[in-house]
Every structure is written in C-alpha cells, then in structure tokens.
Amino acid sequence: MRQADDSYYVHAHDAVAARIAERKPGKAKNVILFVGDGMGVSTITAGRIWAGQAKGVDGESYRLAMETRLTTALSKTYTHDSQGRFRSDRDCDDHGREIMERHAWRHAGHHQGRLCDRCDAPGRQSLGDRRSGRKSHRRDFDRAADARHARRTYAKTNERDWEAGRQRFRRRARPGCTDIASQFIAWQTANGDGMEVAMAGGRAQFLPNTVADPEYPQRKGLRADGRNLMTEWTQMPGHVAITDEAGFKATNFDSDVKVLGLFEPSHMEYEHDRPNDKAGEPSLAEMTRAAITRLKRDPDGFVLMVEGGRIDHAHHAGNALRALSDVEALDEAVQVAREMTGDDDTLIIVTADHSHTLTISGYPGRNNPILGLVQYPGHGVAKGADGKPYTTLGYMNGPGAICTPGKDSTCERKDLTDVDTGDEDFLQQSLVPLGSETHGGEDVAVFASGPGSSLLTGTIEENEIFHVMARSLGLVK
C-alpha cells in the first residue's frame, strides 16, 4: 500500500502490533468512530457539567455516555510541522508547501511525499481503496464534501477546498484533479457499492450554480460544471436523496435503500439552533439510530463514522454555549450506539482531532452554573483584581477579547455584573484578540469499548487509532 514505507505509518503499525502481541484482543465485526471536532478535555468536563445541569442533576458527578467506556487513552495532536493541529483555509501555503496533518482516520496519515496541486503526486488512500465487505456510512454536522471529513472516508485530494466544481479561495485544482463531491458520486458507481448512508450539510457542493436551493430559493449551488450530483445519486437504482426532516422521517432505513441526506447548503445548524430550522433537521442521535438500523442489515458488519463537527465552529466563534450543546448532542448519539450494539462484536471509539483554548477557572462552588459567574461557596460572586466578576469558562484567545485592536493601550475588562452570561450569543472573555479562536495543542481523550478497545490505553500517537480499527476488523496484519 502507498503508505507502507512512510515513517508515521510504520511507527503506528509497530506500536499497535506490539500491544496486540501482548494483549491478544478479539476481532470486531463492526466499528463505530465518534469524532467530536475540537472536543478537548476541558470541553468534555464543561460538557459533562452542562449536560448534568440541563437535566436538573448534579453536573459535577454526572457521567456522559462516552465516559462510561472500558478503556481510556490520551491521543497526541501535533502535526508534521506544528505543535498543535494547524487550521488553515488551505492545506498548502502560498509557496505550494504542504501543511501536513496526521489524523487517525485518514488511513495512517498523509504520505510525506505529497505535493500541493499535484493530483498524480503521492497522496492518501481512501476507504474506497480498501473495501472490507463492510457497509459504510458518514454522519456529521459539517458539509458532506468538507475535505477534512471526506478524506477520512472516501476522497483523495491534496487541497481541502476542492469541494465542488468551483473551488474556493485563490488556489485552484490543476486539470485532472477531481473535486470531492464528484468523487463521492464516482466512488458510488465505480465499485457498485459505495456508501449505504451519508448524511450531513453541504448541498451547495452537489448542486449547479444555476439551480436554486430547495430550502433557501435565494441561494444557488456552487458547481460551475453544470452537474447536479443529487440528481445523479437518485438516478442510481435504490438511491434516494433527502433534504429535510420530513424526508428523513419518510425514509425506511430498515430496508436496502441507499440514502444521501443533505440538510443545509453549507453546515448543518448548531444543536441549540436546530429546533428553529424551518425545514427541520434530524438530531445527531436520530441520524445515528437510522444509520445503525440500515447498516445492521448486512451480516458482514459495518463501519460508521459520526462527527459532531460544529463543536469546533462554536469554539472558534468564542461561544461556549453552542459548543457544549453540541457535545451533549454527540453524547446522546454515543448512547444510541451503545444501546443498539454489543461489546462482543462492535468496537466503539469516541475521540477528538484536537482541542481548543477553552479554560475552566477555579473556584466556583459546587453546582454553580457552568456558564455563570464564579461564586465562592458562602462568599458571593468572586471578583478579579480589577474588582469585576469573571466567568468559569473563558478562552485564551478569540473574538471575546477584553481588548480589541485599534484601541489605546489602556485596557479595561468589561464589567459582567449585569450581563447574562448564559445568553445564547454571549462570547466568553478571552485574553488575545483574534477574529477566530484557535485550536489547542494538548492531548485529547480517547474512550473505547468492544473488541480492540484494550489496545487504546496510555498516551498514543493519533494515527495509531487507525491501526487499531483496521486490525480489529482484520484489514491489516
């Protein structure tokens, strides 16, 4: 295989092989990977308290479904050329150099010889290259053709923004490069199988720029090549496309139907805002239940990836409320998966690709609202040296900065005494002013259960998770 001589691949392969020899884990029939995009340890802690308090119970002692796993590990998140996962509009800089990432679900990471703009250069293998006879599915709140996620499952691309026939930003694909949405359809037809279910946002990447969006008539698709990929999908036998909650509820997932669900032109709604969507969107838990119902029909097993993609977006916006609400939504999906599968044949992994700069300040009293002002037990609202209260949650950087560029050097932090810090649009205060909060660089948690879960302990390299999944399924020896 293409990555077999890559040092990242070899290191992860050997590390997992050594643990297999020592622990002799069983084989898995099914694998379900949950990815909380940006769900660092502080986010899990805050999300736990948020979920417990939302249910009217003690948030601090509450346990998320993802925390009731048999094994726990820490996964490193550094990349080929940065201490933490780098966020860029492109995967290549302005000089054509690759910005490398080594993510677990990208089939052992990038090949280190990969060149930007070169579709014939060493790249990565997609799930389509290594079919195991198991049915497959993607479910997340991002776009279906978002390269960060498409590359984890079906696509080969050297640029994350090659989503549609019309590319975004300055860098464009060279002739011969196939956009990601087209690869989704091509993979479906090339091997006669493809995905059984794919549900996400991202309709615009599948529709031509002459066709109005079915939910927002004032918006049109993004494809300049005239192809309507949703129509191409439905023209294949047994394939249906759905765009709203009504279509989702009308679909019989306990059948051999193949479903493409695209519920928004771009990203799906945050869980907090989902009830206000006029066309309606199914929840992450509902889509997870539907996907497992469909995939369990195959006796050979399945591979399912479920992503809470908008945890990351809310953190970048400096809005902890929406981030924590999406953590709870992901956790409800984990609970559904646990209820519908067994530890005897299904490996479930819950992890994150990176963290964020979210911080949790001491010393709030027990049961203090996680989005509220810090209150000392028996002593009222805590105040900083400036005489003003502060919240439990904050960010190291981001749009909620206490000082903004262009102001004079005298900086006074806003007084939050009369501010509703639990408001849906409140931005937690941050130190360094940035238009978008950054990722964090610390390790992230890995929770696992089922066959192969014993291999996920201690501190591991992120791409070892791929090898655990592949070996548990018998795809790699």
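Before going into details, it helps to say that this report is about the structure given with it. (Residues numbered from 1 in each chain as written. Predicted model: local features only at pLDDT ≥ 70, side-chain atom pairs only at ≥ 80, totals over all residues. Heavy atoms only, no water.)

### Overview of the nonpolar core
Formed by 44 residues in total, the largest nonpolar core has its most connected members in Phe34 and Met39. When residues of this core are assigned to their parent elements, the largest contribution, 11 residues, is made by helix 9 (residues 320-340). Phe34 has contacts with Thr288, Val306, Leu330, Ala333, Val334, Ala337, Ile348, Ile349, Val350 and Thr351, leaving out every residue within four places of it along the chain. With 18 residues, the next largest nonpolar core counts Val35, Ile465, Met469 and Leu473 among its residues. (Core = buried A, V, L, I, M, F, W, Y, C linked by side-chain atoms within 4.5 Å. Buried < 20%, exposed > 50% of the residue type's maximum accessible area, 1.4 Å probe, protein only. Helix = DSSP H or I, 4+ residues; strand = E, 2+ residues; numbered from the N terminus. Contact = heavy atoms within 4.5 Å.)

### Details of unusual backbone geometry
In this structure, the amide linkage connecting Gly362 to the following residue, Tyr363, adopts the cis form with an omega of 5 degrees. Structurally, Tyr363 can be placed in the loop between strand 10 (358-360) and strand 11 (375-376). At Lys24, a residue that is not glycine, the phi angle is positive and equals roughly 50 degrees. Relative to the helices and strands, Lys24 is located in the loop between helix 1 (7-23) and strand 1 (30-36).

### Observations regarding the sheet that holds strand 13 (residues 393-398)
Taken in spatial order, the 3 strands of this open sheet run 10-13-14, and their pairing is mixed. For this open sheet the edge positions go to strand 10 and strand 14 (430-433), each flanked by a neighbour on one side alone. Strand after strand, the sheet turns through a mean of 20 degrees between neighbouring axes, direction not considered. Examined bridge by bridge, strand 10 and strand 13 share 3 bridges and lie antiparallel to one another. In the strand pairing of strand 13, Leu358 is matched with Tyr395. Together, strand 10 and strand 13 form the strand contacts of helix 2 (residues 41-54), whose direction differs from that of strand 10 by roughly 55 degrees. (Pairing = 2+ DSSP bridges. Axes fitted to C-alpha atoms, helices over the stretch in contact; angles between N-to-C directions.)

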